[in-house]
Amino acid sequence: MSGMKPIHINVLLAFLLALTVWHAFRKTDPPASRLRLVFQAEANGQKLVFDQFHYKNPNGPGQFRVQNFRFYISNIKLSGEDGTYLEPDSYHLVRFGAGNESFAVELNNIPLRSYSGLSFSIGIDEQANASIEPRGDLDPNSQMAWNWEVGYKFVVFEGSLSLDDAILPLVYHLGFDENRRDLQFSLPAEEQLSSTSAKNFKVDVMELFSGASAFNMAQTQSVKFDRQDARRLAENYAGMISVAGN
């Protein structure tokens, strides 16, 4: 039996050496790449003010206030020299309110080392919009779901218009399939990803009413089911998000 001892010692030494090498590799593994998409709500280049008649109707008489502003973004995709990354179950509800004028979406475990292109949609793809399966921030019992059919509101803007001593409610709920808008952002150079990477965006609420189609709140105080008015507002919100600093 004494002749077996060196073999046992050699096996033990080999195991300890392998364990040491494994720990060394673990310590040198780079952290998983992450990216925070930070959305800042603005109006006319300034931080959005809620619950005050602070803004002029951009295409008509009266002053308006913002009380609720939220929208879905979906199908976030990164592209670069390493390839492409499409976030799974990529449905996020961006929510703004008094004291919460910014909102961050966290992307974790990104396999890319860098990226030069970023794309996402305002709204939801038809397949997910016709489903009651909860995915990401999609919830058929949420305030963003229609109560008259299966599907979701892509963009919600609620507030009030002060006009001739009257306070008129403003309600714009947009969510037909054709109202989804796909946005693409190109970077001048590859940006490196790390555990603390962030990309900042401006969301200008005034573009909802003063973009490609001029919209007078005093004439149309509510949009829910009218496809033509919904299309006009969707054309506008396609331009309401821009990369901060551009």
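Rules and cut-offs
Residues numbered from 1 in each chain as written. Predicted model: local features only at pLDDT ≥ 70, side-chain atom pairs only at ≥ 80, totals over all residues. Heavy atoms only, no water. Pairing = 2+ DSSP bridges. Helix = DSSP H or I, 4+ residues; strand = E, 2+ residues; numbered from the N terminus.

Draft legend 1. Up close: the pairing of strand S4 (residues 63-80). Pairing analysis gives two bridges linking strand S3 (residues 55-56) to S4, with the strands arranged antiparallel. By the bridge assignment for S4, Tyr55 is matched with Phe64. As consecutive antiparallel partners, S3 and S4 are separated by six residues, and within that stretch Gly62 has a phi angle of approximately 100 degrees, a positive value. In this structure, S4 lies alongside strand S9 (residues 155-163), joined through eight bridges in antiparallel fashion. Looking at the pairing, Val66 lines up with Gly159 of S9. Bridge count between S4 and strand S6 (residues 91-96): six bridges; the pairing is antiparallel. Looking across to S6, one finds that Tyr72 is bridged to Leu93. Summarising the sheet, S4 and strand S5 (residues 83-86) pair through four bridges and their orientation is antiparallel. By the bridge assignment, Lys77 is partnered in S5 with Leu86. With antiparallel pairing between neighbouring strands as the criterion, S4 and S5 make up a hairpin whose turn holds two residues.

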